[in-house]
Amino acid sequence: MIKNGYYYPVEFYERLVHYDDETAAPKGVAAVGVSMGNRKAGKTVGHGIEMIRRYTERKTPERCMLLTRTDKERKEGYLQKWWEKILRVDDDDHVITSFRETHKFDFKNDVVLCDGDPFCYCEAVSMSKRVKDTGSYDRCTIVCMDEAIQTGESTLQIMGRPAMARIFEIWQTVARGWPDATDSTALVFIANVSERDNWIFNDLKINQFVRADTKFTAQHGICVEIVDNVIASAEIESSAMGEVMQRSEAGRDYYESAQHNKFQDNVSFVIPRGLDFRSLKKQLVLVGACLGIFAVDNGIHVAKITEDPRSDKICNDVRVHSSDVDFQPYGDYENYLRLMYTDGKVTFQTLESKSLFLRYCSLK
C-alpha cells in the first residue's frame, strides 16, 4: 500500500504467519516474504515501521532480527546504520517519530536495546553454525535480510554452503523458546528488482508461480510483493539524470529496472520440456548445482538436475572435482558447448539453468 508517497506493507504482513493479538488465533499463510520494488520506493522504511509496530503495539512485544552476509559487515555497525536511516524519517502516522522521541536506544553490533530491552538483533549468515550452537533470542518473530539480491547472483554460496541453508538454520534457532514460536516466525527478504534469475527465486522455486507482471501473490507458503511507488519513480523521471539515463545505452536497462520494476533477464531459448533421461549425454557439475545435457532434435537441452549415475560428470572448477567428477578445464567438451550455443542450438529448462550454463562456459 502506498500512502502519501510512503510504502506500508500492511497486506504483506497480514499474509505472513502470526497470531492475532486479541484472539490468539493463528493467522497468515506464508512463512517467507519477498518484498521487491523500484529504488527509493520506501521499502526499508515501510518494513521498519511494521517492525516498530510489532514491538510497541502488541500486548507482548515482538522483536526482529536483521541479517548481514558476513560477520565483518555486522562488526562494522550495519545494525546501527540500518536503523538510524529509518529513525530519522518523520512518517505521516508518527510511528517512527513517536518511537524515536519516547525511547532511548543503545546500539551494539549484535542488538539494539530500547530502554534497556532487546528490540532488534543482528546476525551474520556466514555465522549460522555459531547462531545454532549459542544463539538465544526472546520472542523474535521477523528475520529480515535487506538488499538481499545483487545483480548476477543466480546462486549464492556463503562460506562453502548455500546461503538459504544457512538462513534456514538461523530461522530454526530463532523460532523456538516460547509457545507457538515456529508458527509465528517469518523470513523477510527485501530487494530491488533486477533479475528473476536470482538465488532467492531459484532456491525457493518462486519463478514457478511469479510472472513478470505479478504485483502480489501468496502461494506455497511464500508471499511476494512487487512494490511500485510511482511518486518515487516520477521524481527520478523528471530529473536531468533521469533524462540522461533514458537516452543512455547502458543506463536505459538500469533505469527500467530501478524505476519501473522491469526484470532484466534475457529469456531467449528458455523453453521448458519433459526430460528424457535416456538422452542424458553429460553432466556439468558446478558449485552447488548440476546441469544435465540432453540430446534433442537439432541440438541439446540443458536442465538443472540432481547428479545422476546414467552419464559421465565433468567440471572445470577444482572445488567440485572428485573421484566421479572428471576435471576438464577448457576441455574439448566445453568448446563444443560454446560452439553449440553460438550456433543457436542450445535450449534451457529455466532461466537458472541458462545462467549456470553461461557461467560454466565462461560466456557470462
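It should be noted that the structure appears before, not after, this text.
Residues numbered from 1 in each chain as written. Predicted model: local features only at pLDDT ≥ 70, side-chain atom pairs only at ≥ 80, totals over all residues. Heavy atoms only, no water.

Caption draft 1: Structural detail: the sheet that holds strand 9 (residues 117–124). If you trace the nine strands from one edge of the open sheet to the other, you get 7-8-9-6-10-13-5-15-14, paired in mixed fashion. The sheet is open, and its two edges are formed by strand 7 (105–107) and strand 14 (216–219), each paired on a single side. For this sheet the average axis-to-axis angle between neighbouring strands, irrespective of direction, equals 15°. Both strand 14 and strand 15 (residues 222–227) contribute to a ladder of four bridges, which runs antiparallel. Among the inter-strand pairings, Phe216 is bridged to a residue of strand 15, identified as Glu225. Where helix 4 (residues 78–87) meets the sheet, it contacts strand 6 (63–68), strand 7, strand 8 (111–114) and strand 9, and its direction lies at approximately 120° from that of strand 6. (Pairing = 2+ DSSP bridges. Helix = DSSP H or I, 4+ residues; strand = E, 2+ residues; numbered from the N terminus. Axes fitted to C-alpha atoms, helices over the stretch in contact; angles between N-to-C directions. Contact = heavy atoms within 4.5 Å.)

Caption draft 2: Structural detail: helix 4. For helix 4, the complete set of buried residues consists of Tyr78, Leu79, Trp82, Trp83, Ile86 and Leu87. Across the axial projection of helix 4, the buried residues extend over an arc of 155°, all falling on one side. (Buried < 20%, exposed > 50% of the residue type's maximum accessible area, 1.4 Å probe, protein only. Arc of directions from axis to C-beta.)

Caption draft 3: Structural view of the pattern of salt bridges. Summed over all chains, the structure comprises 29 salt bridges. Salt-bridge contacts for Asp308 lead to Arg310; the nearest nitrogen and oxygen are separated by 2.8 Å. Judged by its relative accessible area of 10%, Asp308 is buried. (Salt bridge = Lys/Arg side-chain N within 4 Å of Asp/Glu carboxyl O.)

Caption draft 4: Here's a closer look at the packing of helix 2 (residues 43–56) against helix 4. Across the interface, helix 2 lies against helix 4 with an axial gap of 10 Å and an inter-helix angle of 95°. One way to sum up the angle between helix 2 and helix 4 is to call them roughly perpendicular. Of helix 4, the residues touching helix 2 (which contributes Thr44, Val45, Gly48, Met51 and Ile52) are Trp82, Trp83, Lys85 and Ile86. Of the residues that constitute the contact of helix 2 with helix 4, the class distribution is six nonpolar, two polar and one charged. (Parallel < 35°, antiparallel > 145°, perpendicular 65-115°, else oblique. Nonpolar A, V, L, I, M, F, W, Y, C, P; charged D, E, K, R; others polar.)

Caption draft 5: Fine view of the sheet that holds strand 21 (residues 346–348). Taken together, six strands build an open sheet; the order of strands is 20-19-16-17-18-21 and the sheet is mixed. In this open sheet, the two edge strands, each paired with only one partner strand, are strand 20 (326–327) and strand 21. Pairing analysis gives six bridges linking strand 16 (residues 280–286) to strand 17 (residues 289–296), with the strands arranged antiparallel. Bridge pairing links Leu280 to Phe294 in strand 17. Across the sheet, helix 12 (residues 332–342) touches strand 16, strand 17, strand 18 (299–304), strand 19 (313–315) and strand 21, and the angle it forms with strand 18 is around 105°. Packing of helix 13 (residues 351–360) onto the sheet brings it into contact with strand 16, strand 17, strand 18, strand 19 and strand 21, and relative to strand 18 it is tilted by some 110°.

Caption draft 6: Here's a closer look at the environment of Pro26. Tracing the sequence through the fold places Pro26 in strand 4 (residues 26–27). For the pair Pro26 and Asp183, spaced 157 residues apart in sequence, the C-alpha to C-alpha distance is 7.8 Å. In this structure, Pro26 is in contact with His18 and Tyr19, ignoring residues within four places of it in sequence.

Remember that the coordinates give geometry; whether it matters functionally is a separate question.
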